[in-house]
Amino acid sequence: MSKGGQNQRGPDRRHKRKNGKWKGRSAENSGGNQKFSGVIAPYNFVDLSPIVFEAASLAGTDHDTPVAGGYCGSLTFDIIARSPLCVGGERTRASQQAAGQVEMFKTPDGDASYAIPGSTLRGMSRNVLEIATFSRMEFIDETRFAQRNLNDTTNYTSKFTTTIGAGNCPMDVPAPAHTPGYYPLSRAGFLSFDPGQSQWHIQPCDFARIEHEELCPVPADREKLTHGKNANGNEVAQKYESWFELREIDTPFVHVKIPPAEWHKHTKRDRKGAVTGTYSLWYNRAKLAQKTDPAAIKGRLVLTGQPNRKKHMEFVFHTPSEELREVGGEVIRPFLEVQTALAGRSDSGGDTAWSWLYQRYQRLKEPIPVFYIENKATGKIESFGLAMLFPLPYQNTTIDLLPGNSHKPEGTSELDWASGIFGSVANSGEQGVKGRVSFSTAKLKDGQQVFSSPEPEGILSTPKASYTPAYLQQKSSETGATARVATYHDQSAQLRGWKRYPVRHGHAQVQEIPQDLKGKKKLQTRLHTVPAGTEFEAKMRFHNLTKEELGALIWSLTFGNEKNYRHAIGTGKPWGFGQIQIRLQELDAISNMIGEAAPAIEECIEAFETIMEELALMYGVESWRNSRQIKLLRNMAKSQVAPKGEGPAGTLQYMELKSGYVASKKKLPDNRYPVLRPYQPGK
């Protein structure tokens, strides 16, 4: 155990072991092995406001000029941990052998006591204030996601294949004996870049499939080729490296014989391996050949990902044409954005199939093998990727789906409340705004002796905005299901809103690791927390704020100075850790007007709530306090019972991969798709 503070009185007894098991908050009793009953998550959303309250109505939006009715000073407040707390300090990265470790933050001085950085408090306060004042969502990355949903015929599978039956076959293609028959629409080619023209090109070619058994007749070699991953989990890179090692070469080129294309029978199997049906695929099946064979041609072996053991074929690209097809910016840009997003995943280490292939292209001038699809109307290249069924970039980015008023257009000088108080970074054509508030580091209150304790290991998944049943507004979401799931393809779709981790009364517990992931230490994290009841003291300093603005800041800390309202900060929020309550101490404010008395805390809060109601009426909102945004915000901040569900965390927990995320992509018995419900506390 590590300690913080100067005087220690012993470890936190709440973590006492009994019979070798964790007492109270064991990962073993947190409700694993879920049965699918709908989309659930430890987070939820506060809707974005359709309008934005501009700060133009306030006098105090200037940093340097004292204004009438403005105040400068500080607010001292206490922070009480209501659940175990870990604001990330020193970290040890997870490895294949050991889970990652996250220690509670400590001050860098010689005292090295536990603390909460001022930046954490600033971000916490700003987020609440952004929601409460109907401000814009300023801090959002523009990200383009990609779709690979085999259940979505309209937006995905119909782009790559067409279903063939008797009477509707392409010219020279016989009807398949086993229906349905799937005829490929994907094309193959080699991607390269012409620096002289600053232009990407694809050189079209033919392609064939080749069986794993043909590549590696020896089972042990086949296992090595198809089921290995390098240190960062890059299975494509590992496949190529295994192939090079098995063949004792450093080239993907092979000699093959390729018979004419024909229909090949395949079988459908369920999860247990039982045959459930048959279907046909149209392709050429290549065979390895000697270079001296007069029927042999040179081809490029193309290895792709191995999603499961059912996959038994790879590809050979061959017979490139002399044509070079231009790849426009509207095609290459979404591809690179998707690859950047994949490289940024915490489990990739930046090592992806694209990075490996691109490095070889730069080093050895090997053109990059890609599959592409064409626009059916124009015949132009519409999209491309590194597999036959590649992730298809969505038409819209995250910023594209912000409501019009929620994204500040470049060049505009209009400020919302949050930007006016906390400051704003300048975009092109505008001037930045200085912030008028800062937060000190919150340090342990005097006289406390605090030890940190290790929590059980768990998996802190990273929520991804690509999961549209949760992150986009869905019709009929109140029922937990919708007839059609909105995606980033839809021009009318909108982001769900501000993500929040609802607090829950009396419950903080590491979620049980699914059985099939217990041995995967690289996915796991152990937090070292300080106990509930730990108290810190901090100070908020402000400059040139109006009474209303000061009230907005106080409201953002205390939700209107009401009891039983909490924030969630630090690492472990999905498990209920990091719940804190703010207790105000002293407001020390000096008026810009000589002789004017400083306002009381309640007076500031009342002034803020009054102007919010006035602005609401001016913008056509019936009531600020009773608006959907404020109700959802307060519901998620109030200490109350978690929504009913399996285990103590109720529905505030991650879904398991197979019983949750995979199941959520399929229709429910009523022929609708499951989506995340708006937050409602338990009873």
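Residues numbered from 1 in each chain as written. Predicted model: local features only at pLDDT ≥ 70, side-chain atom pairs only at ≥ 80, totals over all residues. Heavy atoms only, no water.

A.B. asks: Lay out the pairing of strand β5 (residues 70–81) in plain terms, naming residues and giving numbers.
C.D. replies: The buried count for β5 comes to 10 of 12 residues, which makes it a mostly enclosed element. The sheet contact formed by β5 and strand β31 (residues 535–546) spans 10 bridges and is antiparallel. Each bridged residue has a counterpart across the sheet, and for T76 the counterpart in β31 is K539. Where β5 and strand β33 (residues 579–591) come together, 11 bridges link them in antiparallel fashion. Among the inter-strand pairings, L75 is bridged to a residue of β33, identified as L587. (Buried < 20%, exposed > 50% of the residue type's maximum accessible area, 1.4 Å probe, protein only. Helix = DSSP H or I, 4+ residues; strand = E, 2+ residues; numbered from the N terminus. Pairing = 2+ DSSP bridges.)

A.B. asks: Please give an account of helix α6 (residues 329–343) that cites residues and values.
C.D. replies: Between its terminal C-alpha atoms α6 stretches 20 Å, which fits the 21 Å expected from 15 residues at 1.5 Å a residue. Turning to α6, the residues buried within the fold contact β9 (146–147), β13 (199–211), β20 (325–327), α7 (353–364), β22 (381–385) and β23 (392–393). (Expected span 1.5 Å × (residues − 1). Contact = heavy atoms within 4.5 Å.)

A.B. asks: Describe the sheet that holds strand β16 (residues 275–283), with residues and values.
C.D. replies: An order of β10-β11-β16-β15 is seen for the 4 strands of this open sheet, with the pairing classed as mixed. With partners counted over all chains shown, the strands left at the sheet margins are β10 (161–164) and β15 (262–269), one partner each. The average angle at which neighbouring strand axes cross in this sheet is 30°, direction not considered. Pairing analysis gives 4 bridges linking β10 to strand β11 (residues 181–184), with the strands arranged antiparallel. Within the sheet, the bridge partner assigned to T162 lies in β11 and is Y183. Of the strands in this sheet, β10 and β11 are in contact with helix α2 (residues 153–160), which crosses β10 at around 80°. (Axes fitted to C-alpha atoms, helices over the stretch in contact; angles between N-to-C directions.)

A.B. asks: Can you break down the sheet that holds strand β7 (residues 100–104) residue by residue, with the values?
C.D. replies: Strand pairs in the sheet, formed through backbone hydrogen bonds, run parallel or antiparallel to each other. Pairing within the open sheet is mixed, and its 4 strands lie in the order β6-β7-β30-β27. Strands at the two margins of the open sheet, each flanked by one partner only, are β6 (88–92) and β27 (453–454). Pairing of β7 with strand β30 (residues 525–529) involves 3 bridges; the strand directions are parallel. Looking across to β30, one finds that V102 is bridged to L527.

A.B. asks: Which residues make up the pairing of strand β12 (residues 187–194), and what are the values?
C.D. replies: Here β12 runs beside strand β21 (residues 368–374); their pairing, made up of 5 bridges, is antiparallel. Among the inter-strand pairings, F190 is bridged to a residue of β21, identified as P369. With 7 bridges joining them, β12 and β13 adopt antiparallel strand pairing. By the bridge assignment, D194 is partnered in β13 with Q199. Hairpin remark: β12 followed by β13, antiparallel, with 4 residues in the connecting loop; positive phi at S198, about 50°.

A.B. asks: Lay out the packing of aromatic side chains with the relevant residues and their values.
C.D. replies: As enumerated under the stated definition, the model contains 38 aromatic pairs in all. Ring geometry for Y358 against Y361: centres 6.2 Å apart, planes inclined by 40°, an arrangement best described as tilted. Taken together, the residues span about one helical turn, with Y358 and Y361 both in helix α7 at a distance of 3 residues. The class of Y358 is partly exposed, set by a relative accessible area of 26%. If you follow K365 out to its NZ or CZ, it ends over the ring of Y361, 6.0 Å from the centre. (Phe/Tyr/Trp six-rings, centres within 6.5 Å; stacked < 30°, edge-to-face > 60°. Lys NZ or Arg CZ within 6 Å of the ring centre and 35° of its normal.)

A.B. asks: Residues and numbers for the pattern of salt bridges, please.
C.D. replies: The final tally for this structure, using the stated rule, is 31 salt bridges. Residue D78 is joined to K445 by a salt bridge in which the shortest nitrogen-to-oxygen separation is 3.1 Å. Placement of D78 in strand β5 and of K445 in the loop between β25 (442–444) and β26 (450–451) is noted, with a sequence separation of 367 residues between them. What makes K445 partly exposed here is its relative accessible area of 23%. (Salt bridge = Lys/Arg side-chain N within 4 Å of Asp/Glu carboxyl O.)

A.B. asks: Give a description of the nonpolar core that names residues and reports values.
C.D. replies: Among the nonpolar cores identified, the biggest contains 93 residues, and F77, I79, L85, I116, W417, M540 and W624 are the most heavily contacted of them. Counting residues in each nonpolar core, the second largest holds 48 residues, with I210, V370, I373 and L386 among its members. (Core = buried A, V, L, I, M, F, W, Y, C linked by side-chain atoms within 4.5 Å.)

A.B. asks: If you had to explain the packing of helix α1 (residues 118–132) against helix α12 (residues 628–637) to someone new, which residues and values would you point to?
C.D. replies: A pair of packed helices can be characterised by two numbers: the angle between their axes and the separation between those axes. At a minimum axis separation of 9 Å, α1 and α12 run at an interaxial angle of 150°. By the angle between their directions, the pair α1 and α12 is classed as roughly antiparallel. Taken together, the residues of α12 that come into contact with α1 (itself represented by V128, I131 and A132) are Q629, I630 and L633. Taken together, the residues that form the contact of α1 with α12 break down as 5 nonpolar, 1 polar and no charged. (Parallel < 35°, antiparallel > 145°, perpendicular 65-115°, else oblique. Nonpolar A, V, L, I, M, F, W, Y, C, P; charged D, E, K, R; others polar.)

A.B. asks: Residue-level account of α1, with values.
C.D. replies: End to end, α1 covers 21 Å across 15 residues, agreeing with the expected 21 Å (1.5 Å per residue, within 8%). Among the 15 residues that make up α1, 11 are buried, leaving the element largely enclosed by the rest of the structure. Turning to α1, its buried residues are G118, L121, M124, S125, R126, N127, V128, L129, E130, I131 and A132. Directly beyond the C-terminal end of α1, a positive phi value near 55° is found at F134.

Interpretation note: all reported values are geometric properties and have no functional meaning in isolation.
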